[in-house]
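# Observations on chain architecture
Chain residues, written in single-letter form:
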Amino acid sequence: MEAKLTAIGIFAPEKVIDNHYFEKIVDTNDEWIRSRTGIITRHYAGEDEFTSDLAQKAIENMAAEYHLQLDDVDFILVATVTHDQIMPSMACQLQYRLNMPKAAALDISAACGGFAYGLVLAKGLINSGMYRKILVVGAETLSKVTDFTDRTSCILFGDGAGVVLIEAAEKGNIGASVAGADGSGGQDLYLSTQNTWINGEEIKANNKIVQNGRKVFKWAVSQMALQFNILLEKEGLSVEDIDWFVPHSANMRIIEAICKQVGLPIEKTLESLSTYGNTSSASIPLALYEGLRAGKVKKGDRVMMLGFGGGLTYAGAIVQWA
Ligand code: ACO
């Protein structure tokens, strides 16, 4: 059986935070944030609004828009680094709340690469013949783990959720895929609840995202450009065959640098960071949905999704929009 992406839904909390918000908290300004990151606004969840709530609403929105029944979903994969709690998993919470009694349920821990990892896993599970109808969710409330004393990172993050439905079909639309990791960069981007070590480096627990922005930036550009070309080669395509590139929306300058390296016009990218900030595992479905809503992505278009994030991780796939 082949894997077909058949539906998509998103949700973002109501509260919108603009760049001026940070001028009162840290030494920064709107101009610096816009020019160094491309971020203009982001959404923050309320105090009593959690990742599972955002994910639930994204799934409900998709079900309403596509008139879907979900009771025969047989696997739910949830990519997140901001679980409501470690146990039970977000996937189990959603399986119960949305009444999917036949669904196996599993969270994916691959940070901003998580949604793309989910796509690759869903494709494999369907190709194997073991499963037929899979939800892949990327959902985050990063505002709850943002260090508001660190001006280099607090300006970046936002909250949101996205979901796609992947189904078994005679003729699928998910083509070549990649997934990988580089654990040697683990200490460059982490979120820890314990005083511990990563690669021999001491880590202080504060349950906040800590990153070495410059290192992640450099790694992301070279690794994403490499994986972009590997995906093209696997699918027997050239760069001109890609209609839309949907990389993880971390920083507009990262996206521009990748495009320059692979020779793709920047106009062919879809991003969610200007409106939603860096929403980690939710950023790719948010960008794709907005691209669809704006009438950019059309039937038959070849869309390359490519995620990267803490771990360090990366994953991606080429989908021909159906
Ligand atoms: N406002 C004003 N000045 C700032 C700010 C700010 N918010 N943040 C940093 N600066 C200053 C720095 O202190 C530095 O000053 P100095 O030269 O006096 O030391 C100067 O600006 C330049 O700092 P850089 O770190 O070189 O800034 P850069 O242009 O690299 O931008 C950023 C920083 C936005 C963090 C960038 O490196 C980045 O986006 N990195 C990648 C982030 C990312 O992709 N994370 C991965 C995903 S997140 C996840 O997986 C959950």
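For the structure, see preceding data.
Residues numbered from 1 in each chain as written. Predicted model: local features only at pLDDT ≥ 70, side-chain atom pairs only at ≥ 80, totals over all residues. Heavy atoms only, no water.

### Some words on the sheet that holds strand β1 (residues 2-11)
Rule in force here: If DSSP finds at least two bridges between two strands, the strands pair. Going along the chain from the N terminus, every DSSP run of H or I of four or more residues is numbered as a helix, and every run of E of two or more is numbered as a strand. Axis lines are fitted to C-alpha atoms, over the contacting stretch for helices. Their N-to-C directions set the angle, which ranges from 0 to 180 degrees. Working rule for contacts: check all heavy atoms of both residues, and any pair within 4.5 Å makes them a contact.
Ordered in space as β1-β7-β6-β4-β5, the 5 strands form an open sheet in which the pairing is mixed. Strands with a single pairing partner mark the edges of an open sheet, and in this sheet they are β1 and β5 (104-108). Each adjacent strand pair in this sheet contributes to an overall mean axis angle of 20°, direction not counted. With 9 bridges joining them, β1 and strand β7 (residues 159-169) adopt antiparallel strand pairing. The partner of alanine 7 across the bridge, within β7, is leucine 165. Against the sheet, helix α5 (residues 114-127) engages β1, β4 (75-79), β5, β6 (133-141) and β7, with an angle of about 170° to β6.

### Brief notes about the sheet that holds strand β15 (residues 313-320)
In spatial order, the strands read β8-β15-β14-β13; together these 4 strands make up an open sheet with mixed pairing. Here the strands that pair on one side only, and so sit at the sheet edges, are β8 (174-181) and β13 (244-247). Here the strands of the sheet are splayed against their neighbours by 10° on average, with no regard to which way each runs. In this sheet, β15 lies alongside β8 in antiparallel orientation, the contact comprising 6 bridges.

### Focus on the packing of aromatic side chains
Applicable threshold: Side-chain rings of Phe, Tyr and Trp (the six-membered ring for Trp) are treated as a pair once their centres are within 6.5 Å; stacked means planes under 30 degrees apart, edge-to-face means over 60, and tilted covers the remaining angles. We call a residue buried when its accessible area falls under 20% of the maximum for its residue type, exposed when it is over 50%, and partly exposed in between, using a 1.4 Å probe and counting protein chains only.
Inspection of the entire model under this criterion finds 6 aromatic pairs. Centre to centre, the rings of tyrosine 44 and phenylalanine 148 are 6.2 Å apart; their planes meet at 70°, and the pair counts as edge-to-face. Here tyrosine 44, found in strand β3 (residues 41-44), pairs with phenylalanine 148, found in the loop between β6 and β7; they are 104 residues apart in sequence, far enough to count as distant. Of the residues examined, phenylalanine 148 reaches a relative accessible area of 26% and is grouped as partly exposed. With 5.0 Å between their ring centres and 85° between their planes, phenylalanine 228 and phenylalanine 245 make a pair best called edge-to-face.

### Thoughts on the site of the ligand
Here is the rule: A single heavy atom is enough: if one lies within 4 Å of a molecule or strand, its residue is considered near that molecule or strand. In protein, a polar contact means a hydrogen-donor-capable atom and an acceptor-capable atom, both N or O and within 3.5 Å, with residues adjacent in sequence counting only if both atoms are side-chain atoms; elsewhere, any N or O pair within 3.5 Å suffices. Accessible surface is estimated by sampling points in the Shrake-Rupley manner with a 1.4 Å probe; for residues, cover comes only from the protein chains shown.
Surrounding the ligand, one finds 25 residues, the nearest of these being Thr28, Arg36, Cys112, Asn251 and Arg253. Between threonine 28 and the ligand, the recorded distance is 2.6 Å, taken from a side-chain N or O atom to a nitrogen atom. One of the side-chain nitrogen or oxygen atoms of tryptophan 32 is found 3.4 Å away from a nitrogen atom of the ligand. Burial of the ligand by the protein chains amounts to 79% of its free accessible area of 1000 Å². Elements supplying a minimum of two residues to the shell around the ligand: α2 (30-37), α6 (213-235), α7 (252-262) and β14 (302-309).

### Considering helix α9 (residues 283-293)
With 8 of 11 residues buried, α9 lies mostly within the body of the structure. Turning to α9, its buried residues number three or more, namely Ser283, Ile284, Pro285, Leu286, Ala287, Leu288, Tyr289 and Gly291. Positive backbone phi, at 75°, marks glycine 295, one or two positions downstream of α9.

### Focus: a positive patch on the surface
How we decide: Note that patches include only residues with greater than 30% relative accessible area and no salt bridge, and the join distances are 9 Å for like charges and 5 Å for nonpolar side chains (Val, Leu, Ile, Met, Phe, Trp, Tyr). Any Lys or Arg side-chain nitrogen located within 4 Å of an Asp or Glu carboxyl oxygen qualifies as a salt bridge. Charge counting follows a simple rule: Lys and Arg are positive, Asp and Glu are negative, and His as well as the terminal groups are ignored. To locate a charge, take NZ of a lysine, CZ of an arginine, CG of an aspartate or CD of a glutamate.
A cluster of basic residues, Arg36, Arg214, Lys218 and Arg253, forms a positive patch at the surface. Inspection of the secondary structure puts arginine 253 in helix α7. According to the relative accessible area criterion, arginine 253 is partly exposed, its value standing at 31%.

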